[in-house]
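Residues per chain are reported as follows:
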Amino acid sequence: QLSELWFVEGREMKLGSGMSLICIFSLYISVPLSISEAEGAFDYFTLSYRSFGIQRRSDNGLVLREWAPGAEAVFLTGDFNSWEKQSHPFTQKEYGKWELYLSPKVDKSPAIKHLTKLKLVVLTKTGEYLFRISPWAKYVTKTLDAITYDWTHWDPPQPYQFQHPRPPRPSSLRIYEAHVGISSPEEKIASYRNFTRDVLPRIKDLGYNCVQLMAIMEHAYYASFGYQVTNFFAASSRFGTPDDLKHLVDTAHSMGITVLLDMVHSHASSNTEDGLNYFDGTDSCFFHGGSRGNHSLWGSRLFNYSSWEVVRFLLSNLRWWMEEYHFDGFRFDAVTSMLYHHHGIGTSFSGNYSEYFGIHVDEDALVYLMLANHILHKLYPQCITVAEDVSGMPGLCRSIEEGGLGFDYRLTMAVPDKWIQVLKEVRDEDWDLKNIVQTLTNRRRGEASITYAESHDQALVGDKSLAFWLMDKEMYTNMSALTAMTPVIDRGIQLHKLIRLLTHSLGGEGYLNFMGNEFGHPEWLDFPRKGNNESYHYARRQFNLVDIEHLRYRQLYAFDRDMNLTEDKYGWLAAGQAAVTTLNQADKVIVFERSNLLFIFNFHPCNSYIDYRVAVEHAGKYKIKLNSDELQYGGHGRLVQDTEFFTEPMPFNGRAQSFLVSFISITTFHA
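Model, not experiment: these values are computed from the prediction.

Asks: Help me understand the overall build of the protein chain in this model?
Replies: Scanning the protein chain from N- to C-terminus turns up 14 helices and 28 strands. The C-alpha atoms of the protein chain give 27 Å as radius of gyration, which agrees with the globular expectation for 671 residues (26 Å, within 12%). Taken along its principal axes, the extent of the C-alpha atoms in the protein chain is 85 × 70 × 45 Å. Within the protein chain, the proportion of its 671 residues that are buried is 58%. In the protein chain, once contacts between residues fewer than 6 apart in sequence are set aside, the share between residues at least 24 apart is 70%. A total accessible area of about 27200 Å² is found for the protein chain, and carbon and sulfur atoms account for 51% of it. Across the protein chain, the centroid of the 64 positively charged side chains sits 2 Å from that of the 79 negatively charged ones.

As structure tokens, then:
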């Protein structure tokens, strides 16, 4: 039952030498029960988008309900009443709620028709009239010459009907992180329909089984990358209509692709006229009042997770995106900022448990995240939740019954930082492979991780994609397969493949790639803003580079596709953590086993090896399944692909079996 109380019993933990410690976990959350008693049912409470905002009854009468505890009065205005400010007053109810009923017209049609422009008028305690958008607005739009967004009533006469069921939850999660607006090679804002037509088929072809959509929740400032949300129930109208987004999700499901939404419940835009800030004239309606309610680095507002109505709003927001748009789960943004009163600002996490437990932890936010995961997994057992947390909070991805927060996955945010640091600061021949492997395997046991070599963060202005770090300006002139590779391009292409495969196979239980990086997208990502003269030149993904047959981008694309298809066949992401049997710093060789596969990486810039002994667990015949040196991947074809390798009962590096193998250096260019 959603109204259950949770209690984690005492556990006995063995400390060795016959000693034991009785640890009492007394996680006792009474919120669900309290809500059930007051609201009738916890399920009803989390479906409040069906009772707040504008609701049309069966007779076409309209009921409007808002929560504005600091308001003196609330009115509705818009096209329907020629923008008369006070002609339609709300009635004040208990606990800061306001209600208004609008009878049907004489012809029995609703008093407010589809696509009508509306505003709430809030009279403050100080006598000021404020024009506001309902926090529950389902659609907001902006004309080209306008500064702020308008509340546009969304009530189509023929609502979208989904045609395809949600696909089964993937056992191996391969995520394609995507932003609809930049999904075209053209210098413009791309649309939901553009993404559905042009990008979803590429995602399917590449072997990704999940797409994570960024910047869907409406945000007034395009350059915020969607992280300054103004309207939490509205799908961004700059990309199209709500039905266009539903068609995107529906089409993805028809392809067997799971769809995750980038969920921003960590903070909100500080906008007032088209956001939540000062909605009722006070600074403490949805947020903490005073300095606690402001994020000092982001300039945004921080939710008050102890507020009954804020919890209603946020939990209902999750249900809305699951029910109305059929999303399959969420990637929760900036969880670190939520978990701690210091929001991670000026804090480095060493792993000491005192950093995770104490008065600096925001218990209200922690309980909210537990509630969110609880309802999502109870009501939608196949739902996927991912936490973006840089702190390494223990138990983040353990069940709530165990005292955890209930997430399914956490992002391994140290991995992309490590790759950027290595590429920026260390010569290839000086790479510390032990440190790289340690970074890739250093994760909390029993808590699933999604790892990645680079995401949108690494592509933003001020940084560069891995491909651009590797090849830089030569990507403009030397990516043609019609001419011989230069040393820079050769090195860059080979390392790009090895970095991504090593991350994919060794780093976690899920894998993520940011759109375009699979084929080595050049340059960086920068949204139109005053600082770049509102240019869209870098706010796009140049998929056209893959479609030109003689460019080497196709080779990187082909390797990424076959890497994913190989994982799909053998399922190493769903297997246990890899067993590293060789980590030879001098040879620059890494060998490990995972999911009955043997992975061999040679990072040496010039040394190839003949009859190199490698250890394996299982005796038998081994064949090459994926070879980065194949010509189709931009390699040099120096290995015979159908070579067979037979084990011999010679113990080596902790394994009973081993065999000899020959493999090549990264490039053909020798120092």
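Asks: I tried to follow the side chain of K497 on my own but got confused; where do I start?
Replies: Inspection of the secondary structure puts K497 in helix α12 (residues 487-506). Buried within the structure, K497 lacks any salt-bridge partner; D629 is the closest side chain of opposite charge, at an N-O distance of 6.0 Å. At a separation of 2.9 Å, a polar atom in the side chain of K497 contacts the main-chain carbonyl oxygen of Y633.

Asks: Before we go on, may I ask you to explain the sheet that holds strand β23 (residues 589-594) in this structure?
Replies: Strand pairing in a sheet takes place through backbone hydrogen bonds and is either antiparallel or parallel in direction. Sheet architecture is open: three strands sit in the order β22-β23-β24, paired in antiparallel fashion. The strands lining the two open edges of the sheet, one partner per strand, are β22 (579-584) and β24 (597-602). For this sheet the average axis-to-axis angle between neighbouring strands, irrespective of direction, equals 10 degrees. Direction of pairing for β22 relative to β23: antiparallel, over a ladder of five bridges. Looking at β23, one finds that A579 is bridged to E593. In this fold helix α9 (residues 433-441) packs onto β22 and β23, with an angle of close to 160 degrees to the strand it touches most, β22. Its contacts with the sheet put α12 on β22, β23 and β24, and the angle it makes with β23 is roughly 35 degrees.

Asks: So what exactly am I meant to see when it comes to the packing of aromatic side chains here?
Replies: Enumeration over the complete set of coordinates arrives at 53 aromatic pairs. Aromatic side chains W320 and Y325 sit 6.0 Å apart centroid to centroid with 75 degrees between the ring planes, which places their arrangement in the edge-to-face category. Assessed through its relative accessible area of 1%, Y325 is described here as buried. For the cation-ring pair, K464 lies above W469, with the distance from its terminal atom to the ring centre recorded as 4.2 Å.

Asks: Explanation requested: the sheet that holds strand β21 (residues 510-514) in the structure shown.
Replies: Spatial ordering of the closed barrel is given by β12-β13-β16-β17-β18-β19-β20-β21, a layout of eight strands whose pairing is parallel. Strand-to-strand, the axes of this sheet are offset by a mean angle of 30 degrees, without reference to chain direction. Relative to strand β17 (residues 329-332), strand β16 (residues 258-263) runs parallel, the two being bridged by four bridges. In the strand pairing of β17, L261 is matched with F330. Strands β12 (173-179) and β13 (210-214) of the sheet are contacted by helix α3 (residues 192-206), whose axis makes an angle of about 155 degrees with β12.

Asks: Mind showing me how you'd approach α9 here?
Replies: Think of an α-helix as turning once every 3.6 residues; residues three or four places apart then point the same way. Among all positions in α9, only L433, I436, V437, T439, L440 and T441 are buried. The inward-facing, buried residues of α9 abut α8 (414-425), α12, β22 and β23. N-capping of α9 is provided by D432, with a side-chain oxygen placed 3.2 Å from the backbone N of K434.

Asks: What is the right way to read helix α7 (residues 363-379) from this model?
Replies: Between its first and last C-alpha atoms α7 spans 24 Å; for 17 residues at 1.5 Å apiece the expected length is 24 Å, and the two agree. Listed as buried for α7 are A365, L366, Y368, L369, M370, L371, A372, N373, H374, I375 and L376. Near the N-terminus of α7, the side chain that reaches the backbone nitrogen of D364, with its oxygen 3.2 Å away, is that of D362.

Asks: I would appreciate a short explanation of the side chain of T439 in the present structure.
Replies: Along the chain, T439 falls in helix α9. With near-sequence residues (within four places) excluded, T439 lies in contact with A414, V415 and K418.

Asks: I'm lost on the UniProt feature "active site" (unreviewed entry) in the protein chain in this one. Help?
Replies: Here, the residues flagged by UniProt with the feature "active site" (unreviewed entry) are D333 and E388. For the annotated residues, spread through 56 residues, the largest C-alpha to C-alpha distance comes to 5.4 Å, consistent with a single compact locus. Mapped onto the elements, D333 comes out in the loop between β17 and α6 (335-339). The contacts of D333, once residues within four sequence positions are left out, are Y227, D262, M263, V264, S266, H267, M338 and E388. Topologically, E388 is positioned in the loop between β18 (384-387) and β19 (409-411). Assessed through its relative accessible area of 11%, E388 is described here as buried.

Asks: It is not clear to me how the packing of α8 against α9 should be interpreted in this structure. Could you clarify?
Replies: Helix packing geometry: the angle between the two helix axes and the distance between the axes. Orientation of α8 relative to α9, taken along the N-to-C sense of each, is 160 degrees, at an axis distance of 9 Å. The pairing of α8 with α9 is recorded here as roughly antiparallel in orientation. Helix-helix and strand crossings are classified by hand; for α8 and α9 the assignment is left-handed. Of the residues in α9, those touching α8 at A414, V415, K418, W419 and V422 are N435, I436, T439 and L440. When its residues are assigned to classes, the contact of α8 with α9 shows six nonpolar, two polar and one charged.

Cut-offs used in this document
- Residues numbered from 1 in each chain as written.
- Predicted model: local features only at pLDDT ≥ 70, side-chain atom pairs only at ≥ 80, totals over all residues.
- Heavy atoms only, no water.
- Helix = DSSP H or I, 4+ residues; strand = E, 2+ residues; numbered from the N terminus.
- Rg over C-alpha atoms; globule rule 2.2 N^0.38 Å.
- Buried < 20%, exposed > 50% of the residue type's maximum accessible area, 1.4 Å probe, protein only.
- Contact = heavy atoms within 4.5 Å.
- Areas by Shrake-Rupley, 256 points an atom, 1.4 Å probe, with all protein chains shown as cover.
- Lys, Arg positive; Asp, Glu negative; His and termini not counted.
- Charge placed at Lys NZ, Arg CZ, Asp CG, Glu CD.
- Salt bridge = Lys/Arg side-chain N within 4 Å of Asp/Glu carboxyl O.
- Polar contact = N/O pair within 3.5 Å; in protein donor to acceptor, adjacent residues only side chain to side chain.
- Pairing = 2+ DSSP bridges.
- Axes fitted to C-alpha atoms, helices over the stretch in contact; angles between N-to-C directions.
- Phe/Tyr/Trp six-rings, centres within 6.5 Å; stacked < 30°, edge-to-face > 60°.
- Lys NZ or Arg CZ within 6 Å of the ring centre and 35° of its normal.
- Expected span 1.5 Å × (residues − 1).
- UniProt positions renumbered as here; feature names shortened; annotations may be inferred.
- Parallel < 35°, antiparallel > 145°, perpendicular 65-115°, else oblique.
- Left-handed = near helix turned anticlockwise from the far one by under 90°.
- Nonpolar A, V, L, I, M, F, W, Y, C, P; charged D, E, K, R; others polar.

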